[in-house]
Amino acid sequence: MKRSGKNTKLRNIAIIAHVDHGKTTLVDTMFEQSGLFRAGQEVDERIMDSMDLERERGITIAAKNCSVVWNNVKINIIDTPGHADFGGEVERALSMADGAILLVDASEGPLPQTRFVLKKALDAGLRIIVVINKLDRKDARPDEVLDEIYDLLIDLDATEDQLEFPLLYAIGRDGIAQKTLEEHGKNLNILFDTILKEIPPPSYDPDEPFQMLVSDLGYSDYLGRLAIGKIFNGMARYNDSLVCIGEHGEHLPLKISKLQIYKGMQFKEVDCADPGDIVVLSGIEDVKIGDTICTKEAPKALKRITVDEPTVSMKFTINSSPFCGKDGKFVQSSKIRERLTKETLINVAIQMEETEDRESFIVKGRGEFQMAILIETMRREGFELCVGRPEVIYQHKDGKKCEPIEHLFVDCAESFLGIVTEKLSTRKGKMTNLVNNGKGRVRIEFSVPSRALIGYRDEFLTDTKGTGIMNSYFAGYEAYRGDFPSRFTGSIVGDRSGKAVAYALFNLEPRGQIFIVPGDPVYEGMIIGEHNRDEDINANPCKEKKLSNMRAAGKDENVILAPVTPMTLERAINFIRDDEMVEVTPKSIRLRKTVLSAQKRHLVRASKKKKSG
């Protein structure tokens, strides 16, 4: 009979929550109450959000680890992203956990992104603790939210055991947890105790040699590549000679030059680590997420982490505009290739393919939001590049063209129901559910093609006057639903290089919405606005007022222009058509035609008409 050991001094737990349900704040108070910080120590808020982008947007993008100690038991806390576009982060985070806390807002209830991560946790057979957070909200409805959680778990085919979850109520910001609605909690002790009682300690086979699954990668300027993962069996010791088993079964020898574990948010160097612990190994360069690190004498690979297939692709290319090299440090295709290759190593959900021209690359991922975060990160690192419109990845099954379909949830005021339904049905969306609770807002569910949502988010916010909430998750592939127009407007394209002039822009305003302000540098082929009609027009934004002896130079100069909304990366990516690109530099975001010359564009159009005619 096979023996089984348990490391009772350890618990590995993942935290699952929708964006903005209070996950990072709860972890802050867990740190505080477990005695991680000394009295009076100044600590930043939301310390788990380590990336600038996470702090700015208030979302978790990369899964991270930390640990607290409670009653001499170490609890490794694994953060998971709350957005389906970062699903690759979810799979690798859950591979290290033995249980999960499902954190749900007491007013909003379980939302779509929660569903995505929770499904993965249930499939992995993790024990779930439910925490209904933000109990102090004026619009809190904990009883209805609990019913919604049961409905969600039943819908996700949870087992009998998973349905009998321990339930806690919390106010994460105040560091309070309680078992019932009536009692008044004083601290998070009950949460810590529930974790120790309900989450199983990591189990291992005492007869098996050392095995560790690489779930994350890090990089240190001093130690090089860092392999992060959970020890499934055996013990790791400093200076051990091991092997890394790659994707295709190849063995790579390595020596542990440094062995570290998590202590709070920091690493702590140790001589040996126990089974079930999450460790950081240095001393291996060529390691990928999903590899197994084990002993030389008995090499045995663990099951690799698998991630869902990418559904969106984008073309990344060098910046070929006349302003190339003015803002960025890295403009060469070799630097862009190097950076994208590094991203594929760290992020399992991203894939990169080379193209024939060697200056552009096809990057595949989970969604346009994930792509936007990658581009924004590269931009902040000093890269200059151009990116094309996101395109969905089609599949062919039994000779039929299939496309990715999203399950879309919309929450908006009743008065906007008509416009939202009309726009989505034009984009081949099908309404599957409508809930009107009589309080002025409606919840609608749609089944829509992924391509329908590219460029729709901004339109949705305009249609609902900024009050609508929209979330979606990938539902699988279905038969192609047919073509639909992605944009009903054309572009106003600059026809020469120079600086934009107020007089010229004022006269262009009746033609559509302008994107630039006076003094902005422009070039031929740069998109300076959105045309009211569906065709593109070429215009001169640098045209100055003709002076005559009847008019003085300063007369009529007080032109008042309509305010211009600054161009954001997401808005730019959503706006462009197939023959357009976004030029991204550390200082600016510009829209441009792929072919800059007006004459060449005219020839391309003429040849297309000839072929179709």
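Below is a summary of the structure that appears in this document. (Residues numbered from 1 in each chain as written. Predicted model: local features only at pLDDT ≥ 70, side-chain atom pairs only at ≥ 80, totals over all residues. Heavy atoms only, no water.)

1. Section: the overall build of the protein
Move 1: Scanning the protein from N- to C-terminus turns up 15 helices and 37 strands.
Move 2: Among the 613 residues that make up the protein, the fraction classed as buried is 54%.
Move 3: For the protein, restricting intrachain contacts to residue pairs at least 6 apart in sequence, the fraction spanning at least 24 positions comes to 72%.
Move 4: Of the accessible surface of the protein, which amounts to about 29,100 Å², a share of 50% is contributed by carbon and sulfur atoms. (Helix = DSSP H or I, 4+ residues; strand = E, 2+ residues; numbered from the N terminus. Buried < 20%, exposed > 50% of the residue type's maximum accessible area, 1.4 Å probe, protein only. Contact = heavy atoms within 4.5 Å. Areas by Shrake-Rupley, 256 points an atom, 1.4 Å probe, with all protein chains shown as cover.)

2. A word on the environment of Glu-32
Move 1: Within the fold, Glu-32 resides in helix α1 (residues 23-33).
Move 2: Linking Glu-32 and Val-68, residues 36 residues apart in sequence, is a C-alpha distance of 9.5 Å.

3. Notes on the pairing of strand β20 (residues 312-317)
Move 1: The buried count for β20 comes to 5 of 6 residues, which makes it a mostly enclosed element.
Move 2: Here 6 bridges tie β20 to strand β22 (residues 360-365), and the two strands are oriented antiparallel to one another. Across the sheet, the residue bridging to Ser-313 is Lys-364, located in β22.
Move 3: Summarising the sheet, β20 and strand β24 (residues 391-392) pair through 2 bridges and their orientation is antiparallel. Considered in β24, the bridge of Val-312 is made with Val-392. (Pairing = 2+ DSSP bridges.)

4. Quick word on the sheet that holds strand β4 (residues 73-79)
By way of backbone hydrogen bonds, the strands of a sheet pair with one another, either parallel or antiparallel.
Move 1: Spatially, 7 strands are ordered β3-β4-β2-β5-β6-β7-β8 in an open sheet, and the strand pairing comes out mixed. Either end of the sheet is taken by a strand with one partner, and the two such strands are β3 (65-70) and β8 (176-178). Pairwise comparison of adjacent strand axes, ignoring direction, gives a mean angle of 30 degrees for this sheet.
Move 2: Strand direction decides the pairing type here: strand β2 (residues 10-17) and β4, joined by 6 bridges, are parallel. (Axes fitted to C-alpha atoms, helices over the stretch in contact; angles between N-to-C directions.)

5. Some thoughts on helix α8 (residues 333-346)
Turn by turn, an α-helix covers 3.6 residues, leaving residues three or four places apart pointing in a common direction.
Move 1: For α8, built from 14 residues, the straight-helix expectation of 20 Å at 1.5 Å per residue is met to within 8% by its first-to-last C-alpha distance of 20 Å.
Move 2: Three or more residues of α8 are buried, namely Ser-333, Ile-336, Arg-337, Arg-339, Leu-340 and Glu-343. Along the axis of α8, the buried residues cluster in a sector spanning 165 degrees; they form a single face.
Move 3: If you follow the buried residues of α8, they end up packed against β20, β21 (351-354), β22, α9 (368-380) and β23 (385-387). (Expected span 1.5 Å × (residues − 1). Arc of directions from axis to C-beta.)

6. Here's the deal with the packing of aromatic side chains
Move 1: Under the criterion given, the structure shown has 7 aromatic pairs.
Move 2: Look at Phe-323 and Tyr-523: their rings are 5.1 Å apart centre to centre, the planes differ by 85 degrees, and that puts the pair in the edge-to-face class. One end of the pair, Phe-323, is in the loop between β20 and α8; the other, Tyr-523, is in the loop between β33 (521-522) and β34 (526-531), with 200 residues separating them in the sequence.
Move 3: In this structure Tyr-523 comes out as buried when scored by relative accessible area, which is 0%.
Move 4: Here the aromatic rings of Tyr-394 and Tyr-480 are separated by 5.7 Å at their centres, their planes lie at 75 degrees, and the arrangement is edge-to-face. Note that Tyr-394 is positioned in the loop between β24 and β25 (395-397) and Tyr-480 in the loop between β29 (469-479) and β30 (490-494), a separation of 86 residues in sequence.
Move 5: Owing to a relative accessible area of 32%, Tyr-394 belongs among the partly exposed residues under this scheme.
Move 6: Here Tyr-480 falls in the partly exposed class, since its relative accessible area comes to 26%. (Phe/Tyr/Trp six-rings, centres within 6.5 Å; stacked < 30°, edge-to-face > 60°.)

7. Considerations on the nonpolar core
Move 1: Ranked by internal contacts, the top residues of the largest apolar core, which has 38 residues, are Leu-102, Leu-118, Ile-128, Ile-132, Ile-149 and Leu-153.
Move 2: Discounting residues that sit within four places of it in the chain, Ile-149 has contacts with Leu-102, Val-104, Pro-110, Val-130, Ile-132 and Phe-165. (Core = buried A, V, L, I, M, F, W, Y, C linked by side-chain atoms within 4.5 Å.)

8. So, the pattern of salt bridges
Move 1: Under the counting rule described, the total for this entry stands at 33 salt bridges.
Move 2: Here Glu-343 and Arg-339 are joined by a salt bridge, their closest N and O atoms 3.0 Å apart. With Glu-343 and Arg-339 both in helix α8, this residue pair falls 4 residues apart, about one helical turn. When sorted by exposure, Glu-343 lands in the same class as Arg-339, which is buried.
Move 3: Salt-bridge contacts for Arg-441 lead to Asp-411; the nearest nitrogen and oxygen are separated by 2.8 Å. Remark: Asp-411 occurs in strand β26 (residues 400-413) and Arg-441 occurs in strand β28 (residues 441-449); sequence separation between them is 30 residues.
Move 4: For Arg-441, a relative accessible area of 30% translates into the label partly exposed. (Salt bridge = Lys/Arg side-chain N within 4 Å of Asp/Glu carboxyl O.)

9. As for the environment of Arg-380
Move 1: Relative to the assigned elements, Arg-380 resides in helix α9.
Move 2: A distance of 2.9 Å separates the side chain of Arg-380 from the side chain of Glu-376, its partner in a polar contact. (Polar contact = N/O pair within 3.5 Å; in protein donor to acceptor, adjacent residues only side chain to side chain.)

10. Quick word on the pairing of strand β7 (residues 167-171)
Move 1: The buried fraction of β7 amounts to 4 of the 5 residues, a majority that puts the element mostly inside the structure.
Move 2: Two elements, strand β6 (residues 127-133) and β7, share 3 bridges in a ladder whose sense is parallel. Residue pairing in the sheet places Val-131 in a bridge with Leu-168 of β7.
Move 3: Bridge count between β7 and β8: 3 bridges; the pairing is antiparallel. The residue bridging Ala-170 from the neighbouring strand is Ala-177, located in β8.
Move 4: Hairpin connection from β7 to β8: 4 residues lie between these consecutive antiparallel strands, with Gly-175 at a positive phi of about 70 degrees.

11. Quick notes on the side chain of Asp-411
Move 1: Given a relative accessible area of 15%, Asp-411 falls into the buried group.
Move 2: Polar side-chain contacts of Asp-411 include one of 2.8 Å to the side chain of Arg-441.
Move 3: If near-sequence neighbours (up to four positions away) are discounted, Asp-411 is found in contact with Arg-441, Val-442, Arg-443, Thr-467, Gly-468 and Ile-469.

12. Topic: the packing of α8 against α9
Move 1: Relative orientation of the contacting elements α8 and α9 amounts to 130 degrees, with a least axis distance of 12 Å. Classified by the interaxial angle, the pair formed by α8 and α9 is oblique. Crossing of α8 against α9: the hand is right-handed. Of the residues in α9, those touching α8 at Ile-336, Arg-339, Leu-340 and Glu-343 are Leu-374, Thr-377 and Met-378.
Move 2: Residues belonging to the contact of α8 with α9 are distributed by class as follows: 4 nonpolar, 1 polar and 2 charged. (Parallel < 35°, antiparallel > 145°, perpendicular 65-115°, else oblique. Left-handed = near helix turned anticlockwise from the far one by under 90°. Nonpolar A, V, L, I, M, F, W, Y, C, P; charged D, E, K, R; others polar.)

13. A look at the packing of α1 against helix α7 (residues 189-198)
Move 1: Running from amino to carboxyl end, α1 crosses α7 at an angle of 90 degrees, the nearest separation of the two axes being 10 Å. With respect to each other, α1 and α7 are oriented roughly perpendicular. Touching Leu-26, Met-30 and Gln-33 of α1 are Asn-189, Leu-191, Phe-192 and Ile-195, all from α7.
Move 2: Per-class residue counts for the contact of α1 with α7 are 5 nonpolar, 2 polar and no charged.

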